[in-house]
Amino acid sequence: MRDRIQSVLRQLVQVPELEVRWLHTVSLLEFIGARKISRTVADRHPSLEVLGHLADETRHAFTFKRLACEVAGREDVTEFLSVGAASAWFQSLDRQLAEWVTGVTGTADVYLHYLLTTAVVERRAMVLYPLYKAATKHAVVREELGRVVVEEQSHRRAIEDACQQRLEKAGVTLEPALALEERLFETFLTQLEKDVAQALAGAQAA
């Protein structure tokens, strides 16, 4: 799947408007993540760790939206790329992970659900963002992606370790959750490939 991700990213950066829409979609995904944190483990004044994570995700949503505007050369960016499939990936993943972890632990643990979703989503980000950084032609995008990756890595390991420790107590590992994400992300990726191919064909015909 890594090769497919790399290929579609290299294709979409060939058309500036496609990259604008991609950046805007990534901003939305970061915003969805921030909103989920604020509605669950941060619905009341949270721990320093959670508050820091919420701040990071909110800032990342802002960063990618600002980059979309910079690449577009305007401040009224509203278009997305494969937004339905992107949102469905995140929402379905969040819901199915909650169902899975509740089933294996026998209890609805909001904090464990937060740890699990964060660990799995950030595993995906650590594949996606470096590949996008290598593909984009915009220095400002590369610079910001480098910062985002550093911030994601700064808390990813601690969150993943805490998640795995809790899962081990229930006799399971993170692997089933990662396999679930892989299946769901492939659906998103397939739609992204179709949308990019269609857009490129239209650009070539114009």
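Residues numbered from 1 in each chain as written. Predicted model: local features only at pLDDT ≥ 70, side-chain atom pairs only at ≥ 80, totals over all residues. Heavy atoms only, no water.

Labelled according to an unreviewed UniProt entry, the protein appears under the name Ferritin-like domain-containing protein, originating from Corallococcus macrosporus.

A closer look at the overall build of the protein
What the protein contains, in helices and strands, is 7 helices and 0 strands. Going from the N terminus to the C terminus, the protein shows its helices and strands as α-α-α-α-α-α-α. C-alpha extents for the protein along the principal axes are approximately 55 × 30 × 25 Å. Counting across all 206 residues of the protein, residues that qualify as buried make up 47%. Across the protein, the fraction of contacts at a sequence separation of at least 24, relative to all contacts at a separation of at least 6, is 80%. As displayed, the protein offers around 10100 Å² of accessible surface, 53% of which is attributable to carbon and sulfur atoms. Across the protein, the mean location of the 25 positive side-chain charges is 1 Å away from that of the 29 negative side-chain charges. (Helix = DSSP H or I, 4+ residues; strand = E, 2+ residues; numbered from the N terminus. Buried < 20%, exposed > 50% of the residue type's maximum accessible area, 1.4 Å probe, protein only. Contact = heavy atoms within 4.5 Å. Areas by Shrake-Rupley, 256 points an atom, 1.4 Å probe, with all protein chains shown as cover. Lys, Arg positive; Asp, Glu negative; His and termini not counted. Charge placed at Lys NZ, Arg CZ, Asp CG, Glu CD.)

Examining the environment of M126
Checked against the element boundaries, M126 lands in helix α5 (residues 110–135). Expressed as a C-alpha distance, the spacing of M126 and R156, which sit 30 residues apart in the sequence, is 9.6 Å. Excluding residues within four positions of it along the chain, M126 makes contact with V149, E152, Q153 and R156.

Some remarks on the layout of surface pockets
The calculated volume of the largest pocket comes to roughly 470 Å³. What lines the largest pocket is a set of 29 residues, and nearest its centre among them are L29, G33, F90, T117 and V121. Within the residue set of the lining of the largest pocket, elements represented by two or more residues are α2 (16–39), α3 (48–72), α4 (83–105) and α5. For the lining of the largest pocket, the element with the highest residue contribution is α5, accounting for 11 residues. (1 Å grid on protein atoms, 1.4 Å probe; cavity = no way out; pocket = protein on both sides within 12 Å on 5 of 7 lines; lining within 4 Å. Points joined across faces, edges and corners; volume = space filled by probe spheres on them.)

Describing helix α6 (residues 139–169)
Over its 31 residues, α6 extends 45 Å from the first C-alpha to the last, a length consistent with the 45 Å expected when each residue adds 1.5 Å. Where α6 bends most, at R156, the angle is about 30°. The first or second residue beyond α6 is G171, which carries a positive phi of 80°. (Expected span 1.5 Å × (residues − 1). Bend = angle between axes of the 7 residues up to and from the residue.)

Let's talk about the packing of α3 against α5
Angle between the axes and distance between the axes are the two parameters that describe a pair of packed helices. With their axes 13 Å apart at the nearest point, α3 and α5 run at an angle of 40° to one another. Viewed along their axes, α3 and α5 form a crossing whose handedness is left-handed. Contacts between α3 and α5 involve E49, V50, H53, E57 and F64 on the former and, on the latter, Y111, Y114, T118, E122 and Y129. In terms of residue class, the contact of α3 with α5 is made up of 5 nonpolar, 2 polar and 3 charged. (Axes fitted to C-alpha atoms, helices over the stretch in contact; angles between N-to-C directions. Left-handed = near helix turned anticlockwise from the far one by under 90°. Nonpolar A, V, L, I, M, F, W, Y, C, P; charged D, E, K, R; others polar.)

Quick notes on helix α1 (residues 2–12)
All of the buried residues in α1 are I5, V8, L9 and L12. Buried residues of α1, viewed axially, fall in a sector of 100°; they line one side. (Arc of directions from axis to C-beta.)

So, the side chain of E152
The residue E152 is located in helix α6 in this model. Although E152 is buried, it makes no salt bridge; R156 carries the closest opposite charge, 7.7 Å away. Reaching out from E152, the side chain makes a polar contact with the side chain of H60 at a distance of 3.4 Å. (Salt bridge = Lys/Arg side-chain N within 4 Å of Asp/Glu carboxyl O. Polar contact = N/O pair within 3.5 Å; in protein donor to acceptor, adjacent residues only side chain to side chain.)

Concerning the packing of α1 against α5
Orientation of α1 relative to α5, taken along the N-to-C sense of each, is 40°, at an axis distance of 9 Å. The angle between the axes of α1 and α5 places the two elements in the oblique class. Viewed along their axes, α1 and α5 form a crossing whose handedness is right-handed. Residue-level inspection shows R2, I5, Q6, L9 and R10 of α1 in contact with α5, the latter providing R124, V127, L128, L131, Y132 and A135. (Parallel < 35°, antiparallel > 145°, perpendicular 65-115°, else oblique.)

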